[in-house]
Amino acid sequence: MAPVRDPNTLSNYDAWRTRHTTANLKIDFTAKCLRGSVILELESQTDKASKEIILDSSYVTVNSIKLNSAPSLWETKARTEPNGSPVHIAVPEGAAKGEVVKVEIELATTDKCTALQWLTPAQTSNKAAPFMFSQCQAIHARSLFPCQDTPDVKSTYDFNITSPYVVVASGVPVPDDTKDLGEEKLYKFQQKVPIPSYLFALSSGEIASAPVGKRSCVCTGPNELKASQWELEGDMDKFLEAAEKIVFPYRWGEYNVLVLPPSFPYGGMENPIFTFATPTIISGDKQNIDVIAHELAHSWSGNLVTSCSWEHFWLNEGWTMYLERRILASIHGGDAHFDFSAIRGWKALEEAIKEYGEDHEFTKLCISHKGIDPDDAFSTVPYEKGFHFVWSLDRLVGRENFDKFIPYYFGKWSNKSLDSYEFKDTFLEFFSAPEYSDLKDKIASIDWEGRFHSTGLPPKPEFDTSLADVCYELAEKWKSKDFTPSPSDVSSWTGNQVLVFLNAVQDFEEPLTVEQSQALGKAYGLSASKNAELKAAYYHIAMRSKDASAYQGVADLLGEVGRMKFVRPLFRGLNKVDRELALKTFEKNREFYHPICRQMVEKDLGVSEAANSS
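Residues numbered from 1 in each chain as written. Predicted model: local features only at pLDDT ≥ 70, side-chain atom pairs only at ≥ 80, totals over all residues. Heavy atoms only, no water.

**Some details on the sheet that holds strand β20 (residues 268–269)**
Adjacent strands of a sheet pair through backbone hydrogen bonds, lying either parallel or antiparallel. The line we're drawing: If DSSP finds at least two bridges between two strands, the strands pair. By the criteria applied, helices consist of DSSP H or I runs no shorter than four residues and strands consist of E runs no shorter than two, each listed in order from the N terminus. Any two residues whose heavy atoms approach within 4.5 Å at even a single point are treated as in contact. Note on definitions: angles span 0 to 180 degrees between N-to-C directions of axes, and those axes are lines fitted to C-alpha atoms, for helices only across the stretch in contact.
The sheet built from five strands is open, its strands ordered β17-β18-β19-β21-β20 with mixed pairing. Across the chains shown, the open sheet's two edge strands, defined by having one partner strand only, are β17 (208–213) and β20. Pairing geometry for strand β18 (residues 216–220) and strand β19 (residues 256–259), over two bridges, is parallel. Paired with Cys-219 across the two strands is Leu-258, which belongs to β19. Helix-sheet contacts for helix α1 (residues 225–232) involve β17, β18 and β19, and the interaxial angle to β17 is about 15 degrees.

Laid out in structure tokens, this is it:
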């Protein structure tokens, strides 16, 4: 019997493991809830030793529970933060090891559900229909239905979803089974690859779709379809083919992208079959679609091979950053692109560690989550510090050798979950083969404990700065108050090069003057840009310069994007220079933000109960 090794679940998954989940749910836009039944098929891990099944839940209304079709005794216990209210289901006779029992739960979500966002027609672009979407990472699936809400348990899924509008889910659509039910339709999806609960995903609204590759389509609002198709077509197949060459063939069938409304709190969410993506990637210049390379890479790291708990989240995200950069280098032609992306990542990592303080627990690769909500520990650290560890192993053994390890690792752990020490064992096992005997001393030098548990920045590698040097050279010129900018300074650059230049300016010991800041925005078209990455970076410079004329622009942008990557730092910056405007902007847009984002910004601004009591 494997132990429970995830502190963010109250389920007894050491005694029972979910093997299949059937979700029979109706999307009720009027009541803003999901209602229906979920059937969990759980395999006994003991020989009749366990007499109850314990599931995670959070603010879910449970109406009844059946065990193997018969009414069961059950109880929802008192809530404890951050893990919610466990549901205890009696199994009086227990079950023989390997026996599967069926638990059928009649339920409805509540207005306290943290996984769902409901948009009124007015909050969508064409104002024609309401819209809803889910975001279950990290521990929000339990607010949809009682489940073993841990990445250490994987289940196959059947989705039977009824809605008056088009439905998208994290499974392969079964189009022939779509049934008209008067004003509603029943949409069916199947997920035959076992996935953890945090990858359960639903969305519904006025959604149109268009092909963007041999195995891919893009889905979004009708008004955004043409622009989204233009942004993505031509690149999806390239991304897929590049990733398959690095790891092994894609195992999920289709790879599609759902471009969500602006309040989506992340850049992307790697829900299988349908990546949920921020509309900030649709910038009209193809400069932000690297997000797709990242989410696609998750099809191997995270979705196929998964960290067993949020304490080992770097195994998902560090590997994904590494694969993303390998994909981009393959597509754009050369390791300079790999390093250029890594340089940008290093800057983000430095900022995150500065924000926390270099001795903070959350700057470790492996973070203790006892009593911690994973959303509170979420940052750039597992992404970039994790990446630097993976990349250091690549450099240590050499690219040719590491390229043989990649498919071995993903093959060995496919459809399973692991912790950092199992990763270490897998690496050492692979490189203990006789053909790698010349690497023995190098591998013996790896400080695994230091890498896993030290705070602060990891060792900084030597970057190939060839693509970044021009950015730094232009930034140097801006240190002179006499420099006169021209649009031609950056006209031949990629958006990411402009971003590296802006990041360098942000780092000046002495901020730009108000006049310089305004000249910067005007000459390079930053304040009028449709690219949220560039606009946000420019506004950070303007706020540091105390350019009050830019503050309303910051507030306006905060009403247009809900992606936490932009929203949280912009609110923190605005709060420092104009707290009144920051609070007013938050109140004005409170309902626009996703519940996860709203909660985090409340803490950032010190207006939440948690902040007031701490």
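Okay, back to it.
**Overview of a positive patch on the surface**
Cut-off, in case you're wondering: Patches were defined on residues exceeding 30% relative accessible area and lacking a salt bridge, with like-charge contacts within 9 Å and nonpolar side-chain contacts (Val, Leu, Ile, Met, Phe, Trp, Tyr) within 5 Å. Computed by Shrake-Rupley with a 1.4 Å probe, the accessible areas treat only the displayed protein chains as cover when residues are assessed. Any Lys or Arg side-chain nitrogen found within 4 Å of a carboxyl oxygen on Asp or Glu counts as a salt bridge. The charge count treats Lys and Arg as positive and Asp and Glu as negative. His and the chain ends do not count. By convention, charge coordinates are those of NZ in Lys, CZ in Arg, CG in Asp, or CD in Glu.
Among the surface-exposed residues, Lys-354, Arg-544, Lys-546 and Lys-576 lie close enough to one another that they form a single positively charged patch. As for its placement among the helices and strands, Lys-576 is situated in helix α17 (residues 564–577).

**Concerning the nonpolar core**
This is how it is decided: Definition used in this section: a nonpolar core is a set of buried Ala, Val, Leu, Ile, Met, Phe, Trp, Tyr and Cys residues joined via side-chain atoms within 4.5 Å. The buried label applies to any residue whose accessible area, calculated with a 1.4 Å probe on protein chains only, is under 20% of its type's maximum; exposed applies above 50%, and partly exposed to all values in between.
Counting 196 residues, the largest nonpolar core has Trp-319, Phe-423 and Phe-501 as the members making the most contacts within it. Each residue touching Trp-319, except ones within four places of it in the same chain, is listed here: Ser-301, Trp-314, Val-390, Phe-402, Phe-405, Ile-406, Tyr-409, Phe-410 and Phe-423.

**Some points on empty space enclosed by the protein**
As a reminder of what qualifies: A cavity here means a set of 1 Å grid points, computed over protein atoms only, where a 1.4 Å probe fits but cannot escape. A pocket is an open set with protein on both sides within 12 Å along at least 5 of 7 lines, and lining residues have an atom within 4 Å of a point. Grid points are joined across faces, edges and corners, and a volume is the space filled by probe spheres set on the points. Each residue is assigned to one class: nonpolar for Ala, Val, Leu, Ile, Met, Phe, Trp, Tyr, Cys and Pro, charged for Asp, Glu, Lys and Arg, and polar for all the others, Gly among them.
Going through the model one piece at a time under the given rule, you end up with three cavities of 30 Å³ or more. Its boundaries defined by the atoms lining it, the largest cavity holds a volume of some 140 Å³. The wall of the largest cavity is formed by 14 residues, among which Trp-310, Phe-313, Pro-374, Ala-377 and Phe-378 lie closest to the centre. Of the residues forming the lining of the largest cavity, the biggest block, three residues, is contributed by helix α6 (residues 374–377). Broken down by class, the residue content of the lining of the largest cavity amounts to ten nonpolar, two polar and two charged. Its boundaries defined by the atoms lining it, the second largest cavity holds a volume of some 70 Å³. Residue lining of the second largest cavity: 13 residues in total, with Thr-18, Gln-148, Ser-155, Tyr-157 and Ser-197 positioned closest to the centre. When residues of the lining of the second largest cavity are traced back to their parent elements, those giving at least two are β1 (16–28) and β11 (155–163). Of the residues belonging to the lining of the second largest cavity, the class tally is seven nonpolar, five polar and one charged.

**So, the UniProt feature "binding site: Zn(2+)" (unreviewed entry) in the protein chain**
To keep things clear, this is the line we draw: UniProt positions are given in the numbering used here, feature names are shortened, and annotations may be inferred rather than shown by experiment.
Here the UniProt-annotated "binding site: Zn(2+)" (unreviewed entry) positions come out as His-294, His-298 and Glu-317. Spanning 24 residues, the named residues form one tight spatial group whose C-alpha atoms are at most 9.1 Å apart. Locating His-298 in the fold gives a position in the loop between α3 (290–297) and β22 (305–307). Sequence-distant contacts of His-298, that is, excluding residues within four places in its chain, are made with Glu-270, Asn-303, Leu-304, Asn-316, Glu-317 and Thr-320. Position of Glu-317 among the secondary structure elements: in helix α4 (residues 314–332).

**Focus on the sheet that holds strand β10 (residues 131–134)**
Reading across the sheet, the four strands line up as β9-β10-β16-β12 and stay open at both edges, with antiparallel pairing between neighbours. Here the strands that pair on one side only, and so sit at the sheet edges, are β9 (116–119) and β12 (166–169). If you compare each strand with its neighbour and ignore which way they point, the axes differ by 10 degrees on average. Taken together, the four bridges between β12 and strand β16 (residues 202–205) define a ladder with antiparallel strand orientation. Opposite Val-166, over in β16, you have Gly-205 as the bridge partner.

**Here's the deal with the environment of Thr-280**
One can find Thr-280 in the loop between β21 (274–277) and α3. When its relative accessible area of 11% is taken as the criterion, Thr-280 is described as buried. When near neighbours in sequence (up to four residues on either side) are disregarded, Thr-280 contacts Asn-288, Ala-532, Val-561, Arg-563 and Phe-566.

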